[in-house]
Amino acid sequence: MLGWICVVCIVLLMAMLWPLVKCFGDGSHSTLHFQGLEIPRKKSTERCESNCGTGQDESPTVALICKPSTLANYLLKHCMSFCKQLRIPTLNWRMSASLQTIFGAVWPYDCPVHFIRDHLQLSDDGLVALDWAVVGAAHHKRRRTSSNSTSPILLIIPNSFGKITRNVLKLCEAGLAHGYLPVVFNRRSQNGTPLSTVKLQQFGNPTDLREAVRYIRYRQPAGQIYAVSESTGSGLLLSYLGECGSSSYVTAAACLSPVFRCQSWFENGPTWPFHWALLLYQKVCLSRYKTVLGEHIHTDNLFSSCSLRAMEEALFCQSGLKGASMDGTGSWEAYWECNDPLRDIDEVAIPVLCVCSQDDPIRGEARATLPLELFESNPHFFLLLTGHGGHCGFSTPDEGAYIWSHQALLEFFRATTDFFAAEERAKLAARRRGLGGAGKTFRHRSVSTCRRMPVCSHNIHAIYNWQRSYTR
């Protein structure tokens, strides 16, 4: 506990000094060339500037980087948050990326949202938890959402460390206010989920998430699913979308402050105060299972590790295992061949919005960590890049009830849904006129089973043990 307090004090001290360094060391806080990153002046960016009425003598604080397309033009026309000028006064605490990050991650928040938990028993007898967000104080009662509901589902994937942040709570609140049914996916052993098997989820292994999505689909067959991930949780979402392709059940997705180059991130880590804080937090969470984990891995190596890479290797790589129960994959390189979130990125077949800031202290320097070529060449990916915002922060002095990044992704979901509906109407109208399916439409499909899974049987209960799931 004393070590944890020391780490928090160091982080706070660094965060308090950081605004002075930023304010007096760099005066280009309102431009998109911050930290030396040159934003390509694509047609979509120019369109965004003109839609917002940005003057020629004024640089934008938000840029949409993507491959020009009909959908991109539609988003720029209908998503006002994409063109909002995020103005932050020079001496405001929000100019500090570290303070933005700490505020969004650990600052207390009196949230009116409560959660009803479902424990989902997986095919290997493991357990994951699905927390359904509801409004009201009667959260202790057993209440299930109606399977007849047509409300869209907002599937939220927290960071890979299992911390439910202020950012996640605010997103649940915003989702409820906009008519969504938010549900938070909790991995094995995280956020109070029991560890029923000696198996933890690897960083980019979407097997558990796939079963959870199919269960949500079974529970809410009439509601469209929209997925949102936070921070390192984006690795799991991108892996799932890549493996399942056009059969992901998901209509559209968004990643808030994603970490793209994950192997490099584990090897180099974020800035040292945040690195220590993340490492210590994970050790505290795993210490609850030290005895049972000791039967299969070298816990001495695990709890004496001094880096995120060393801890990940001790958990999942063969060199740190006593047996095969933890699914060791061998070498570090072999582990990332199976868990790199970008390994099947070309198979993603739905629109994905990534909201990032250039001063993100967790992800690292923008030039080295943002795959701009992905957004410039793949029509399914859209990068909304801000000059400031930290890691999952994006707080502004004039924000209303909802954080700007949450407004942006909800507008993105609404706009993509309207776009696809208009495409379908145009396609039907063309068929009625006898033109068949003339003209190219945006490749999109979200209702079939995953391409890497066998076809689902009509007797769905014969596959899963959902009858034996329990709720608390």
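Residues numbered from 1 in each chain as written. Predicted model: local features only at pLDDT ≥ 70, side-chain atom pairs only at ≥ 80, totals over all residues. Heavy atoms only, no water.

This part takes up the pattern of salt bridges. Summed over the entire model, instances satisfying the criterion amount to 13 salt bridges. A salt bridge links D208 to R188; the shortest N-O distance between them is 2.7 Å. Taken together, the residues D208 in helix α6 (residues 207-219) and R188 in the loop between β5 (181-186) and α6 connect sequence positions 20 residues apart. R188 shares its class with D208; the two are buried. For R343, the salt bridge is made with E243, and the minimal N-O distance between the two is 3.2 Å. Taken together, the residues R343 in the loop between α13 (332-339) and β8 (352-357) and E243 in helix α7 (residues 234-244) connect sequence positions 100 residues apart. (Salt bridge = Lys/Arg side-chain N within 4 Å of Asp/Glu carboxyl O. Helix = DSSP H or I, 4+ residues; strand = E, 2+ residues; numbered from the N terminus. Buried < 20%, exposed > 50% of the residue type's maximum accessible area, 1.4 Å probe, protein only.)

So, on to the packing of helix α5 (residues 166-177) against helix α16 (residues 404-432). Relative placement of two packed helices is described by the angle separating their axes and the distance separating the axes. Contact geometry for α5 and α16: axes closest at 10 Å, N-to-C directions at 45°. For the element pair α5 / α16, the angle class is oblique. Every pair of crossing elements has a handedness; the one defined by α5 and α16 is right-handed. For the pair α5 and α16, the contacting residues are N167, K170, L171 and A174 in the first and H406, L409 and L410 in the second. (Axes fitted to C-alpha atoms, helices over the stretch in contact; angles between N-to-C directions. Parallel < 35°, antiparallel > 145°, perpendicular 65-115°, else oblique. Left-handed = near helix turned anticlockwise from the far one by under 90°. Contact = heavy atoms within 4.5 Å.)

The subject of this paragraph is the nonpolar core. Of all hydrophobic cores here, the largest spans 44 residues; its most connected members are L241 and V352. At six residues, α7 tops the list of elements feeding residues into this core. Excluding anything up to four places from it in sequence, L241 contacts S248, V250, A253, E347, V348, I350 and V352. Formed by 43 residues, the second largest nonpolar core is a distinct cluster that contains L171, A174, A408 and L410. (Core = buried A, V, L, I, M, F, W, Y, C linked by side-chain atoms within 4.5 Å.)

Counted under the stated rule, the structure contains 20 aromatic pairs. Each ring, one from Y180 and one from Y226, has its centre 5.8 Å from the other, and the planes form 85°; the classification is edge-to-face. Taken together, the residues span a long stretch of sequence, with Y180 in the loop between α5 and β5 and Y226 in strand β6 (residues 225-230) at a distance of 46 residues. An angle of 40° between the planes, with centres 5.0 Å apart, marks the rings of Y226 and F413 as tilted. Taken together, the positions of Y226 in strand β6 and F413 in helix α16 put the pair 187 residues apart, joining distant regions of the chain. Taken as a pair, Y226 and F413 share a single burial class, namely buried. Of the aromatic side chains, those joined through ring pairs into one cluster are F203, W265, F266, F316, W332, Y335 and W336. (Phe/Tyr/Trp six-rings, centres within 6.5 Å; stacked < 30°, edge-to-face > 60°.)

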